[in-house]
Structure formats: structure tokens, C-alpha cells
Amino acid sequence: MSSKSNLSGIVFVALAVVSLLSSVAWSHIPIPPKEPSEVGRRVVKTAVPDFKLSDQDGNTFRFATTRGKLVLVTFIFTTCPDVCPLLTAKFAAIQRTLDEKKAKDFLLLSITTDPERDNGATLKDYAGRFKADLKNWLFLTGSRQDLAKVWKAFGVNVTKTDSGDVQHTSFTGLIDRQGIRRVDYYGDKWREPEVLKDIQWLRAQ
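Predicted, not measured: the structure shown is a model, and the values here were computed from it.

Reading the values: rules and limits
- Residues numbered from 1 in each chain as written.
- Predicted model: local features only at pLDDT ≥ 70, side-chain atom pairs only at ≥ 80, totals over all residues.
- Heavy atoms only, no water.
- Helix = DSSP H or I, 4+ residues; strand = E, 2+ residues; numbered from the N terminus.
- Buried < 20%, exposed > 50% of the residue type's maximum accessible area, 1.4 Å probe, protein only.
- Contact = heavy atoms within 4.5 Å.
- Areas by Shrake-Rupley, 256 points an atom, 1.4 Å probe, with all protein chains shown as cover.
- pLDDT = per-residue confidence, 0-100.
- Arc of directions from axis to C-beta.
- Phe/Tyr/Trp six-rings, centres within 6.5 Å; stacked < 30°, edge-to-face > 60°.
- Disulfide = S-S within 2.5 Å.
- Pairing = 2+ DSSP bridges.
- Axes fitted to C-alpha atoms, helices over the stretch in contact; angles between N-to-C directions.

1. Comments concerning the overall build of the protein chain
When you go through the protein chain residue by residue, the secondary structure sums to five helices and ten strands. A burial count over the protein chain gives 44% of its 205 residues as buried. In the protein chain, the proportion of contacts linking residues at least 24 apart, taken out of those at least 6 apart, comes to 73%. Summed over its atoms, the accessible surface of the protein chain is roughly 11000 Å², and 57% of this surface lies on carbon and sulfur atoms.

2. Quick notes on the confidence of the model for the protein chain
Mean pLDDT over the protein chain: 86, with 81% of residues reaching 70 or higher. Contacts of residues 1–27 to residues separated by more than four positions or lying in other chains number eight contacts, the stretch itself having pLDDT below 50. In the predicted structure, residues 30–38 sits below a pLDDT of 50 and forms 14 contacts with residues beyond four places in sequence or in another chain.

3. What about helix H4 (residues 144–153)?
Working note: α-helix, 3.6 residues per turn, so residues spaced by three or four point in the same direction. Listed in full, the buried residues belonging to H4 are Leu-147, Val-150 and Trp-151. Projected down its long axis, H4 shows its buried positions confined to an angular sector of 100°, all on one face. More than 90 degrees from the buried face of H4, the exposed residues found are Gln-145, Lys-149 and Lys-152. In this structure, the buried side of H4 is in contact with strand S2 (52–54), strand S4 (70–76), strand S5 (106–112) and strand S7 (158–160). Just downstream of H4, Gly-155 is the residue with a positive phi angle, here 70°.

4. Here's the deal with the packing of aromatic side chains
To describe a pair of aromatic rings, one takes the distance between the centres and the angle between the planes. Under the counting rule described, the total for this entry stands at ten aromatic pairs. Measuring from ring centre to ring centre gives 5.3 Å for Phe-51 and Phe-63, while their planes differ by 15°; the resulting arrangement is stacked. On the criterion of sequence distance, the pair formed by Phe-51 in the loop between strand S1 (41–47) and S2 and Phe-63 in the loop between strand S3 (60–62) and S4 is long-range, its members being twelve residues apart. According to the relative accessible area criterion, Phe-51 is buried, its value standing at 10%. Here the aromatic rings of Tyr-126 and Phe-139 are separated by 6.3 Å at their centres, their planes lie at 80°, and the arrangement is edge-to-face. A residue pair is termed long-range when its members are at least 10 positions apart, and Tyr-126 in helix H3 (residues 120–129) and Phe-139 in strand S6 (residues 137–140) qualify at 13 residues.

5. As for the state of the cysteines
According to the stated counting rule, one finds zero disulfides in the structure shown. As a non-bridged cysteine, Cys-80 has Cys-84 as the owner of its nearest cysteine sulfur, 3.1 Å distant. By relative accessible area, Cys-80 is classed as buried at 6%.

6. Here we look at the sheet that holds strand S10 (residues 180–186)
The six strands lie next to each other as S1-S10-S9-S4-S5-S6, forming an open sheet whose pairing is mixed. Both outer strands of the open sheet, S1 and S6, are each paired with one neighbouring strand and no more. Each adjacent strand pair in this sheet contributes to an overall mean axis angle of 20°, direction not counted. Across seven bridges, S4 lies against S5 in parallel orientation. Counted as the bridge partner of Ile-76 is Thr-112 from S5. Sitting on the sheet, H4 touches S4, S5 and S10, and the angle it makes with S5 is about 120°. Docked against the sheet, helix H5 (residues 192–203) engages S1, S4, strand S9 (171–175) and S10, running at close to 170° with respect to S10.

Written out as C-alpha cells, the structure is:
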């Protein structure tokens, strides 16, 4: 085989590997902070508009009803093989810690990015896998139209490929008692103690 043929073969393999990695590694795209010193976390002050979705039991959820509570929200889909289970496990750890401290003034929200597959029953089964206590942790779904408004409000980009794979921004946000988003976390590298410290910071205000 000529060197030209060898080179063509190498280029083809390299392109195939890049394509494969792109389909896997970029299922979740973190938004990098603007400041290098704010890796994975940014303090913000952004009002969250009211929205209406359905929880894992089919009950209507209105964001406006969360006033007076600290809310931690993230975006997941139940067939996700990588980042979403990790984010959900982090939420489970945060819930356990807050329950141990007998905290009552918080709510966790996991909002789907795949409404076609994530109905209430699917989300409830997913919640059970992580032993979520549904008294203060809700798994939300709705129509794509309603969810798209929520995704946009939080700056979460969601796309679905021709093969049905979901790609979305990895985002978690902490909201104060007045419905103002105060801290954004990017990707899956944030740590539970960091979020718990931020919750305590907001609680003291």
C-alpha cells in the first residue's frame, strides 16, 4: 500500500473517532464562566419567570408556589448514560444532608430535557432509583413547548438528533426565597459541600 493510501486511511480513522467522541462527549455542554477564576460557579442575580409543568405524580407545579423556599434546579433526562445520573446522585446527597439537618425550607427540581420519553411514570421510576424523597424533590415534565420556555429562561440549550439522542447544556442553579437565581453551576464538576455552603449563605440573608 502506498504512503498516500496509508495517510488517507489514517485521516478516515481520525475523523471517525472525532465523530464518535463528539456524539458522546458533547451530549452535555457546560457553559464556561466568563471569568477564569469562576470555574464551574458564578454568582448571579436573575429573576426566574413563573412557569407551569407537571410533576412525577401528574400534579401541576407552579414555580410561583416556591416563594419562601431555597430552590436548587437542574436539567436531566432519564435515558442519559453519563452526566445526568451523576447530577441526580449529587442531588440525592444534598437532600440527605439537608434532611439530616432537619431543613424544611428547600426544594429540589429535576426538569427533563426529553419530554417525549420522560412522562410522569418514567420520572417517578427514575426518582426511585436514586431513593429521592418526593416531599421536597420533584421531577418535572410537560409539553415541549412549555419546557422550551423553561429551558430558555435558564439558558439551557436542548437539541434532539435525527437518531433521537438528546444534547443539552449541563446546568444547575440555586434560587433564593424571592425567586431570584443567585448561583449558577456549570457541568458536573461542582461539589455538594460547595452547594450546601451556598444554601447556608442564602439562608442567612
